Amino acid sequence: MSDTLVLGNDDLIFQEETPPEISTDSSLPPWKVLIADDDETVHSSTLYALGNVSVLDRQLKFFHAYSASEAREILQSEPNIAVILLDVVMESDDAGLNLVHQIRNELQLEELRIILRTGQPGYAPEIEVIRDYDINDYKTKAELTRTKLFTTLTAALRSYMQIRTINANRQGLDLIVHSSAELIATQGIKDFAQGVITQIAALLGLDADGVVCARSSEDDAGHPCYTVVAAAGPNLDSVNQAVESLADDAMRNALLESLRTHNNNFQNHGIALYFPCKTGRDMCVYLRTPCLPSKTHRGLLAVFCSNISVCLDNLSLFTNLKSQAYFDQLLMLPNRNHLIEEVDNASTNDNFNQMAMLLIDIDHFAELNHALGHQYGDLLLKQIAERLRKHCNNQLFLARNTGDCFALFGTSQVINTKALVKLLADPFSIHGNEQVISATFGLAQMSEIDGGGQEAIKAASTALNQAKQTQRGQIGVYTREVGTQIQSRVKLLQKLRASFEHERLFLHYQPQVSLPDGKPIGCEALIRWRDDDGRYIPPDVFIPLAERSGIITPIGEWVMRTAFFQAKQLHAMGFPQLRMAVNVSMIQFRSEGFLAMLDQALADSGVDPTLIELEITESVAMLEADYMLQMLEQIKARGLQVAIDDFGTGFSSLSYLQRLKIDRLKIDRSFVDQICHSEDAKSIAEMVIELGKSLHLNVIAEGVEDLQQAERLSQLGCHEAQGFVYAKPMEATALVKWLLNQQPQRPSTE
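Everything quoted here is computed from the prediction, not taken from an experiment. (Residues numbered from 1 in each chain as written. Predicted model: local features only at pLDDT ≥ 70, side-chain atom pairs only at ≥ 80, totals over all residues. Heavy atoms only, no water.)

Engineer: Please explain the overall build of the chain as it appears in this structure.
Structural biologist: For the chain, the count of helices and strands is 25 helices and 29 strands. Taken over 750 residues, the chain has a buried fraction of 47%. Summarising the internal contacts of the chain: among those between residues at least 6 apart in sequence, 66% fall at separations of at least 24. Here the chain displays about 37,100 Å² of accessible surface, and carbon together with sulfur accounts for 50% of that area. (Helix = DSSP H or I, 4+ residues; strand = E, 2+ residues; numbered from the N terminus. Buried < 20%, exposed > 50% of the residue type's maximum accessible area, 1.4 Å probe, protein only. Contact = heavy atoms within 4.5 Å. Areas by Shrake-Rupley, 256 points an atom, 1.4 Å probe, with all protein chains shown as cover.)

Engineer: Sorry, what's going on with the pattern of salt bridges here?
Structural biologist: Oppositely charged side chains can form a pair if their charged atoms are brought close together. Using the criterion set out here, one finds 22 salt bridges in the structure. With a shortest N-O distance of 2.9 Å, Glu524 and Lys666 are connected by a salt bridge. Of this pair, Glu524 sits in strand S23 (residues 520–529) while Lys666 sits in strand S27 (residues 664–667), and the two are 142 residues apart along the sequence. Take Glu524 and Lys666: they sit in the same class, and that class is buried. Between Arg579 and Glu613 there is a salt bridge, and its shortest N-O distance comes to 3.9 Å. In this pair, Arg579 sits in strand S24 (residues 579–583) while Glu613 sits in strand S25 (residues 612–617), placing the two residues 34 residues apart along the sequence. For the pair formed by Arg579 and Glu613, the shared burial category is buried. Overlapping salt bridges bring together Asp361, Asp363, Lys468 and Arg472 as one network. (Salt bridge = Lys/Arg side-chain N within 4 Å of Asp/Glu carboxyl O.)

Engineer: Is there a simple way to think about the packing of helix H14 (residues 480–501) against helix H15 (residues 539–549) in this case?
Structural biologist: Each pair of packed helices can be described by the angle between their axes along with the distance between the axes. For the pair H14 and H15, the least separation of the axes is 10 Å and the interaxial angle reads 85 degrees. Relative to H15, H14 is oriented roughly perpendicular. Residue-level inspection shows Arg489, Leu492, Leu493, Leu496 and Arg497 of H14 in contact with H15, the latter providing Val541, Phe542, Leu545, Ala546, Arg548 and Ser549. Counted by class, the contact of H14 with H15 contains seven nonpolar, one polar and three charged residues. (Axes fitted to C-alpha atoms, helices over the stretch in contact; angles between N-to-C directions. Parallel < 35°, antiparallel > 145°, perpendicular 65-115°, else oblique. Nonpolar A, V, L, I, M, F, W, Y, C, P; charged D, E, K, R; others polar.)

Engineer: Quick question: what am I supposed to make of the environment of Asn351 here?
Structural biologist: Note that Asn351 resides in the loop between helix H9 (336–346) and strand S15 (355–362). Residue Asn351 is classed as partly exposed on the basis of its relative accessible area, which comes to 30%. Once the C-alpha coordinates of Asn351 and Thr411 are considered, the two residues, 60 residues apart in sequence, prove to be 8.3 Å apart.

Engineer: Sorry, what's going on with the environment of Glu70 here?
Structural biologist: Along the chain, Glu70 turns up in helix H2 (residues 68–77). Sequence separation between Glu70 and Ala36 is 34 residues, and the spatial gap between their C-alpha atoms is 8.4 Å. Discounting chain neighbours no more than four positions away, the residues touching Glu70 are His64 and Ala65. Only 3.3 Å separates the side chain of Glu70 from the backbone nitrogen of Tyr66, close enough to count as a polar contact. (Polar contact = N/O pair within 3.5 Å; in protein donor to acceptor, adjacent residues only side chain to side chain.)

Engineer: Would you take a moment to explain a nonpolar patch on the surface for this structure?
Structural biologist: Side chains of Val421, Ile475 and Val477 sit close together on the surface and give an oily, nonpolar patch of about 220 Å² of accessible area. Inspection of the secondary structure assignment puts Val477 in strand S21 (residues 475–477). With relative accessibility at 44%, the residue Val477 sits in the partly exposed group. (Patch = residues over 30% accessible without salt bridge, like charges linked within 9 Å, V, L, I, M, F, W, Y side chains within 5 Å.)

Engineer: I tried to follow helix H7 (residues 249–261) on my own but got confused; where do I start?
Structural biologist: In an α-helix there are 3.6 residues to a turn, and that puts residues three or four apart on one side. The terminal C-alpha atoms of H7, which comprises 13 residues, lie 18 Å apart, in line with the 18 Å expected from a rise of 1.5 Å per residue. Here H7 has its buried residues at Met251, Arg252, Ala254, Leu255, Ser258 and Leu259. Phi for His262, located one or two positions after H7, is positive at around 60 degrees. (Expected span 1.5 Å × (residues − 1).)

Engineer: I would appreciate a short explanation of the pairing of S15 in the present structure.
Structural biologist: On a regular strand, one side chain projects to one face of the sheet and the next to the other, so that they alternate. In terms of residue burial, S15 counts as a mostly covered element, since eight of its eight residues are buried. With burial as the criterion, each face of S15 is covered, one bearing Met355, Met357, Leu359 and Asp361 and the other bearing Ala356, Leu358, Ile360 and Ile362. Relative to strand S17 (residues 405–411), S15 is paired through seven bridges, and the arrangement is antiparallel. The partner of Met355 across the bridge, within S17, is Thr411. Here seven bridges tie S15 to strand S20 (residues 439–445), and the two strands are oriented antiparallel to one another. In the strand pairing of S20, Asp361 is matched with Thr440. (Pairing = 2+ DSSP bridges.)

Engineer: Would you take a moment to explain the side chain of Arg387 for this structure?
Structural biologist: For Arg387, the location among the structural elements is in helix H11 (residues 374–392). Buried charge Arg387 goes without a salt bridge, the closest partner of opposite sign being Asp426 at 4.8 Å. If we ignore the near neighbours within four places in the chain, the residues touching Arg387 are Leu423, Leu424, Asp426, Pro427 and Phe428. (Lys, Arg positive; Asp, Glu negative; His and termini not counted.)

Engineer: Looking at this structure, I do not really get the packing of aromatic side chains. What am I missing?
Structural biologist: For the structure on display, the rule yields three aromatic pairs. Centre to centre, the rings of Phe506 and Tyr536 are 6.2 Å apart; their planes meet at 75 degrees, and the pair counts as edge-to-face. Linking Phe506 in strand S22 (residues 505–514) with Tyr536 in the loop between S23 and H15, this pair joins segments that are 30 residues apart in sequence. Assessed through its relative accessible area of 16%, Phe506 is described here as buried. (Phe/Tyr/Trp six-rings, centres within 6.5 Å; stacked < 30°, edge-to-face > 60°.)

Engineer: What exactly am I supposed to notice about the nonpolar core here?
Structural biologist: Generally speaking, soluble globular proteins have nonpolar side chains that are buried together. Counting 84 residues, the largest nonpolar core has Met580, Phe589, Phe594, Leu614, Ile635 and Ile667 as the members making the most contacts within it. Element by element, the count of residues in this core is highest for helix H16 (residues 552–572), at eight residues. Apart from the residues within four sequence positions on either side, Ile635 is in contact with Phe589, Phe594, Leu595, Leu598, Leu614, Leu640 and Val642. Ranked by size, the runner-up nonpolar core spans 29 residues in total, among them Ile362, Leu368, Phe406 and Leu420. (Core = buried A, V, L, I, M, F, W, Y, C linked by side-chain atoms within 4.5 Å.)

Engineer: Even after reading the chapter, I still don't get the pairing of S24, so can you show me in this structure?
Structural biologist: Of all five residues in S24, four are buried; the element is thus mostly enclosed. As paired elements, S23 and S24 share four bridges and run parallel to each other. Looking at S24, one finds that Cys523 is bridged to Met580. In this sheet, S25 lies alongside S24 in parallel orientation, the contact comprising four bridges. Residue pairing in the sheet places Ala581 in a bridge with Glu613 of S25.

Engineer: What's the story with unusual backbone geometry in this structure? I'm lost.
Structural biologist: The backbone of His364 sits at a positive phi, close to 55 degrees, despite the residue not being glycine. Note that His364 resides in the loop between S15 and helix H10 (365–372).

Engineer: In this structure, what is going on with the sheet that holds strand S29 (residues 720–722)? I would like to understand it.
Structural biologist: To summarise the sheet geometry, strands pair through backbone hydrogen bonds and adopt either a parallel or an antiparallel arrangement. Spatially, the eight strands close up into a barrel ordered S22-S23-S24-S25-S26-S27-S28-S29, and their pairing is mixed. Here the strands of the sheet are splayed against their neighbours by 30 degrees on average, with no regard to which way each runs. Judged from the two bridges that link them, S22 and S29 form a sheet pairing that is antiparallel. Residue pairing in the sheet places Ser514 in a bridge with Glu720 of S29. Strand contacts of helix H25 (residues 732–741): S22 and S23, with the helix running at about 20 degrees to S22, the strand carrying the most contacts.

Engineer: Would you explain the sheet that holds strand S6 (residues 113–118) in this entry?
Structural biologist: In space, the five strands of this open sheet follow the order S4-S3-S5-S6-S7, with parallel pairing throughout. Edge positions in the open sheet fall to strand S4 (60–65) and strand S7 (137–140), since each of these has one partner strand only. Strand after strand, the sheet turns through a mean of 20 degrees between neighbouring axes, direction not considered. Bridge count for strand S3 (residues 31–36) against S4 is six bridges, and the pairing is parallel. Looking at the pairing, Ala36 lines up with Ala65 of S4. Contacts from helix H1 (residues 40–50) reach S3, S4, strand S5 (83–87) and S6, with the element oriented near 175 degrees to S4. Contacting S5 and S6, helix H3 (residues 95–106) crosses the sheet at an angle of about 150 degrees to S5.

Interpretation in functional terms is not warranted from these geometric data alone.
Following this line, the structure appears as structure tokens:
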């Protein structure tokens, strides 16, 4: 006997039939089913058949639409409708099929299961409908008995549940990946803990109403020590509160149990999730929930916990690395990186121009550290740091800038250099011994600086270096004028490097003559530089710059090789006894490969070494006795002559001078210039000449510019001279012409 009765085309009336006995879980929300049909009888018949039936442990909740447009409105306003029982023919013949298109393409409801019902078999051929429209089942009303309707609906709901589970897992995994990336980017345990609450709440679709705590390492007795709450939800005021003192019993007990057992703890009204950490600082989060999470959510939470544990390990590693990057591990002070960041952050403050950077450099610390050992030096630095820390008293930012250089940053009014000098003057006690120190300071006001941390340290370092060069124990102050001068020197150095690389440096040669007869006996090679604008840059400007930058060594080698080759050419052109003098800077003279470079230049040029004279300044000659004696001995062994330039400007030891293997003393031009006007200058010149005679050394005067000076020097017994009264420095071709035109004669004023 049939269990349906068809009236007309669309009427559907179910006969009595025993519904299936299915158990129901009241804690689960009901399935939402939409009946879309323009026939009221179909609605009532479907309710009659399925109104008291549960499917897959859940009740059914029906929604009713009597047209396609009404069904669309319900689908737009009511979330999570699982199944629609859709009539093909409503306000138009294809209204149902058009609604299918709107559901999938416009409303983007891909999870919704569509069961198409028609009372007119053949009106919409089943094969074409299934091919052209995204429906899940197609039934004629005549074949939908109560049992078949239940079976069809159950299959649709099961399919909906599976698709929802797959999508939830996919979305949950996407959220876990996203949240893990966000948590990795956090830079502190508080931000991390707050982020964990937020991400778990988002994963479960709940409010962020939870609390997080972290567990420290074990105490001396081996018992776990729990730290305070690191972060809390908006409705909880428990941050920095001990876990054991939380007022909520369920929350407190769940957290402690999870930390004790190292497991997740799921309860009806809250969950506690455990996150292990390799560093021993495990973490646990508690989140209030209206019910137990579903099996799907529990699986996602397990994956989440695993990922967050890795993030927590990374956070611990990051915290370690940040400590290494921003704190000095010996003194436990902020380091240079931290100092720069502090100044950069302060640069946005309104009172930034009222702040200052002070560098404190411990005088002669390197020598002390070398003499007494690094352990002694470290203990001294720790005591200095502690004394400075107490002095700053959180009013100034104290950092270790470099090895023995500390930095203070703060408002100018708080920085008191006089107090700091007095503070460091008191002796330190190291291993029972009193250690007295002094310091040199470099101060830079932010109002004098354009920039942040890097520029502030650079400016203070400039002031510090100036104070060191003047007198240690002083305070150097940076100004904009100083900065401008430094920038000019830097630009000039860049131009010098470029000119040297592009061979725009050249040599001039100034003749040297015998005073008694004016006969040319030699010449001095002098470096010259003309920049791209055609301006001559004085040697006393660019030579010191080259010495400070280290470029003097390759420049000096070029000068030496060029002068040697020129000397060889002059000898070949008919001046076989002409001496060539070449200046050697202190940096060049002390460079490791100086002798090897000298040998190579001599060999390549083929010049007679006995006609080459190296000029070194008096300050170079007075360097370490053993080193200088050894170097000059090796130079003399090669046949070269050695002269001491600028003699009389330094403080030579006569006994030491006597031991040096040198050939000539050169009277500095400052004494020659005043030799006719100052008795002191005349006395010094006379003393140098007499000293030369007693040591059997020749004496040459430089800077001789008039006949009167030449005559006075000749009267005093000076052997040789060079200066404008004889000839100005000139290029090699002009030098050859000058030499060819010379006959033994008295000096001329021309």
